[in-house]
Amino acid sequence: MSTTSDEVLNPMPAGQEPELKRVLGSKLLLLFIVGDILGAGVYAVTGTMAGTVGGIVWLPFLLAFIVATLTALSYLELVTQYPQAAGAALYTHKAFGIHFVTFLVAFAVVCSGITSASTSANVLAQNLFGGLEINGWMDKPDRSVITAVALAFMLLLAAINLRGVGESVKFNVVLTLVEVLALCIVIGVGFFVMAQGTGNFQEILVFTDQQDKGLFLAVTAATSIAFFAMVGFEDSVNMVEETKDPEKIFPRTMLTGLGIAVLLYMLVAISVVSVLSPTELGEIREAEGAALLEVVHKGSPDFPIDRIFPFLAVFAVANTALINMLMASRLIYGMARQHVLPSGLGKVLPGRRSPWAGITFSTVLALGLIWYVSSDPDSNIVANLSGTTAFLLLCVFTVVNVVCVVLRRKRDPNRKVFFTSPGQLPLVAALLCAFLAGPWVGRNVIQYQVAGGLMAIGIVLWFITWLLTRKSNARRRT
């Protein structure tokens, strides 16, 4: 583009658009982070992971947590130095100043959020009707009805987001508490079974090579799958302009949120292994999202919690979708404010001070994606899109960790430093993320195809943005 780096990095003139309202304190931010990490991921991947490594399903969760935490340290170093809403895109441009690279990183993050939210909307609709069917309240509807409910849910999320982040995050608080309750039920059922002496607790140290990969490759593959359940912490940096005193509260809050998430995940994994037999663990692999429901159903036969659990799962995936769309709209807003996207996408409602243009744009993309993925009745939506989401974010995280190293070398020695990732950890994190994104983890080829298609769309959009900027600059010169 012909726009200079200084023009990209400087925000719009004061008064042109109101700034976002700072409403997030440490407690709301913690609930935001925990709610974003928990949710659809653990429901979608636990069964697949158990079918890959057997009883040591907790280990991939732990390894994914380590990689995520190392990356989070890089994000914390960057967000405290550059507290603006554009996140990874802003950091990439600060490091390299190449518009094309900046746009691709930003587009990958936006697509990962929208893809995750769209998948969650479909899972929500499926669980909703599944719960109605289990309780005998209605028969299973056809696919078009499920898709219609998913589309309607995305419109509801848009309406909530338009009311402002204060209302959105307060709604998130309720959903996060219900989300934690659902996982606590799974954990409680698992430990109840173990207390009765009928559980398989000894199986948590047993590796079962379901796919003849060997221990190293099987654990690596399961870790790449588990990474989808650990992502979400990076969304919070796009809320930095709506956070009170972000330089101080972000480090401890983000790390605390990651710690809470991995603790719950490992307890859930132990419960799954304790309740289900080794044979059932192998069979549950292809049943998307069925592992946790199976644990509750088998572990509490005398208590009809399985009639309630699908509705709790609805709240869990709703929370994931809400935060994903919050992130996507704020990232689009931030990029527009930094002149990476057209300035019209940075419009803010005068009263609510919410980024209405970014919300509208991300919602339209989500609606189109839901329609597309639902058009093929044989597609494995959750597995393929969750894997694509994890792949896109692993690539972004690789770049962000490298960016952290580059910007550390460019840092002004007179500028105050609020947080620094220890030593060479950003480089270690970059290598680990790149490794988990590689084909050797056994990722389905369709996930690379989908990601490549999305990035091809990104290149087209970048070219359109370049033309618009060029024409705008030409008019200014004349």
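Since this is a predicted model, take the numbers as computed values, not measurements.

Across its full length, the protein holds 17 helices and zero strands. Sorting the 478 residues of the protein into buried and exposed places 57% on the buried side. Pairs at least 24 apart in sequence give 84% of the contacts found in the protein among residues at least 6 apart. Accessible surface computed for the protein: about 19,100 Å², of which carbon and sulfur atoms make up 65%.

In this section: the pattern of salt bridges. Opposite charge on two side chains allows them to pair when their charged atoms are near. Scanning all chains against the criterion turns up one salt bridge. A salt bridge links Arg408 to Glu77; its shortest N-O distance comes to 2.7 Å. One end of the pair, Arg408, is in helix H15 (residues 381-410); the other, Glu77, is in helix H4 (residues 58-81), and 331 residues separate them in sequence. Residue classification places Arg408 among the partly exposed positions, given a relative accessible area of 25%. We classify Glu77 as buried; its relative accessible area is 2%.

In this fold, Ser120 is placed in helix H6 (residues 99-134). Setting aside residues up to four positions removed in sequence, Ser120 forms contacts with Ala40, Val317, Thr320 and Ala321.

Rolled over the atoms, a probe with the dimensions of a water molecule shows which regions are left empty. Here the structure, examined in full by the defined rule, presents three cavities of 30 Å³ or more. In this structure, the largest cavity encloses a volume near 150 Å³. In terms of lining residues, the largest cavity is bounded by 20 residues, among which Asp36, Ser116, Val231, Thr320 and Asn324 are the most central. Elements represented by at least two residues in the lining of the largest cavity include exactly helix H2 (26-37), helix H3 (40-53), H6, helix H13 (309-337) and H15. If one sorts the elements of the lining of the largest cavity by residue count, H6 sits on top with four residues. Across the lining of the largest cavity, the residue classes break down as eight nonpolar, nine polar and three charged.

Moving on to the packing of aromatic side chains. Tallied over the full model, the rule gives twelve aromatic pairs. Arranged with centres 4.9 Å apart and planes meeting at 75°, the rings of Phe391 and Tyr448 form a pair that is edge-to-face. Placement of Phe391 in helix H15 and of Tyr448 in helix H17 (residues 445-477) is noted, with a sequence separation of 57 residues between them. Relative accessible area serves as the criterion here: at 24%, Tyr448 is assigned to the partly exposed category.

Before going further, it helps to examine the packing of helix H5 (residues 88-96) against H6. Between H5 and H6, the least distance of the axes is 8 Å, while the angle of their chain directions is 165°. Classified by the angle between their axes, H5 and H6 sit roughly antiparallel to one another. For H5 against H6, the interelement crossing comes out right-handed. Note on element contacts: H6 touches H5 through His99, Val101, Thr102, Val105, Ala106 and Val109, opposite Ala88, Ala89, Thr92 and His93. Considering only residue class, the contact of H5 with H6 consists of six nonpolar, four polar and no charged.

Turning our attention to the packing of H15 against H17. At their nearest, the axes of H15 and H17 sit 9 Å apart, and the two run at 60° to each other. Viewed along their axes, H15 and H17 adopt a mutual orientation that is oblique. Seen from above, H15 lies across H17 with right-handed handedness. Across the interface between the two elements, Ala383, Asn384, Leu385, Gly387, Thr388, Phe391 and Leu392 of H15 pack against Ile446, Gln447, Tyr448, Val450, Ala451, Leu454 and Met455 of H17. Residue composition of the contact of H15 with H17, by class: ten nonpolar, four polar and no charged.

What follows deals with helix H14 (residues 356-374). Under the 1.5 Å per step criterion, the end-to-end length of H14 is 27 Å for 19 residues, consistent within 8% with the ideal 27 Å. Buried residues along H14 sit in contact with H6, helix H7 (143-162), H13 and H15.

In an α-helix, one turn spans 3.6 residues, which is why side chains three or four residues apart end up on the same side. When the terminal C-alpha atoms of H6 are compared, their 52 Å separation across 36 residues agrees well with the 52 Å that a helix rising 1.5 Å per residue should span. Counting buried positions along H6 yields 28 of 36 residues, so the element is predominantly enclosed.

With that settled, the discussion passes to a nonpolar patch on the surface. Where nonpolar side chains cluster on the molecular surface, the patch consists of Phe96, Ile98 and Val402 and spans about 240 Å² of accessible area. Structurally, the position occupied by Ile98 is in the loop between H5 and H6.

With that settled, consider the side chain of Thr147. In this fold, Thr147 is placed in helix H7. Thr147 gets classed as buried once you look at its relative accessible area, which sits at 12%. With residues up to four places along the chain from it excluded, the contact list for Thr147 reads Ile370 and Ser374.

Moving on, we come to the environment of Leu393. By secondary structure assignment, the location of Leu393 is in helix H15. Looking at Leu393, the relative accessible area reads 2%, which means it is buried. Sequence spacing of Leu393 and Val109 is 284 residues, and the spatial spacing of their C-alpha atoms is 6.7 Å. Among residues more than four places away in sequence, those in contact with Leu393 are Ser112, Val231 and Glu234.

Turning to its location among the elements, Gly387 is positioned in helix H15. Distance from Gly387 to Tyr448, taken between C-alpha atoms, is 9.1 Å for residues 61 residues apart in sequence. The residues touching Gly387, leaving out its near neighbours within four places in the chain, are Val382, Arg443 and Gln447.

Okay, the confidence of the model for the protein next. Looking at the protein, the pLDDT average stands at 81 and 90% of residues meet or exceed 70. Across the protein, element-level confidence peaks in helix H16 (residues 425-437) with a mean pLDDT of 95 and bottoms out in helix H1 (residues 5-9) with 39. Here residues 1-15 scores under 50 on pLDDT; set against residues more than four positions off or in separate chains, the count is 34 contacts.

With respect to the helices and strands, the residue Ala158 is situated in helix H7. A residue is classified by how much of its surface remains accessible, and Ala158, at 12% relative accessible area, is buried. Distance from Ala158 to Trp356, taken between C-alpha atoms, is 9.0 Å for residues 198 residues apart in sequence. Non-local contacts of Ala158, meaning those with residues more than four positions away in its chain, are made with Ile359 and Thr363.

Each value, and the rule that gives it
Residues numbered from 1 in each chain as written. Predicted model: local features only at pLDDT ≥ 70, side-chain atom pairs only at ≥ 80, totals over all residues. Heavy atoms only, no water. Helix = DSSP H or I, 4+ residues; strand = E, 2+ residues; numbered from the N terminus. Buried < 20%, exposed > 50% of the residue type's maximum accessible area, 1.4 Å probe, protein only. Contact = heavy atoms within 4.5 Å. Areas by Shrake-Rupley, 256 points an atom, 1.4 Å probe, with all protein chains shown as cover. Salt bridge = Lys/Arg side-chain N within 4 Å of Asp/Glu carboxyl O. 1 Å grid on protein atoms, 1.4 Å probe; cavity = no way out; pocket = protein on both sides within 12 Å on 5 of 7 lines; lining within 4 Å. Points joined across faces, edges and corners; volume = space filled by probe spheres on them. Nonpolar A, V, L, I, M, F, W, Y, C, P; charged D, E, K, R; others polar. Phe/Tyr/Trp six-rings, centres within 6.5 Å; stacked < 30°, edge-to-face > 60°. Axes fitted to C-alpha atoms, helices over the stretch in contact; angles between N-to-C directions. Parallel < 35°, antiparallel > 145°, perpendicular 65-115°, else oblique. Left-handed = near helix turned anticlockwise from the far one by under 90°. Expected span 1.5 Å × (residues − 1). Patch = residues over 30% accessible without salt bridge, like charges linked within 9 Å, V, L, I, M, F, W, Y side chains within 5 Å. pLDDT = per-residue confidence, 0-100.

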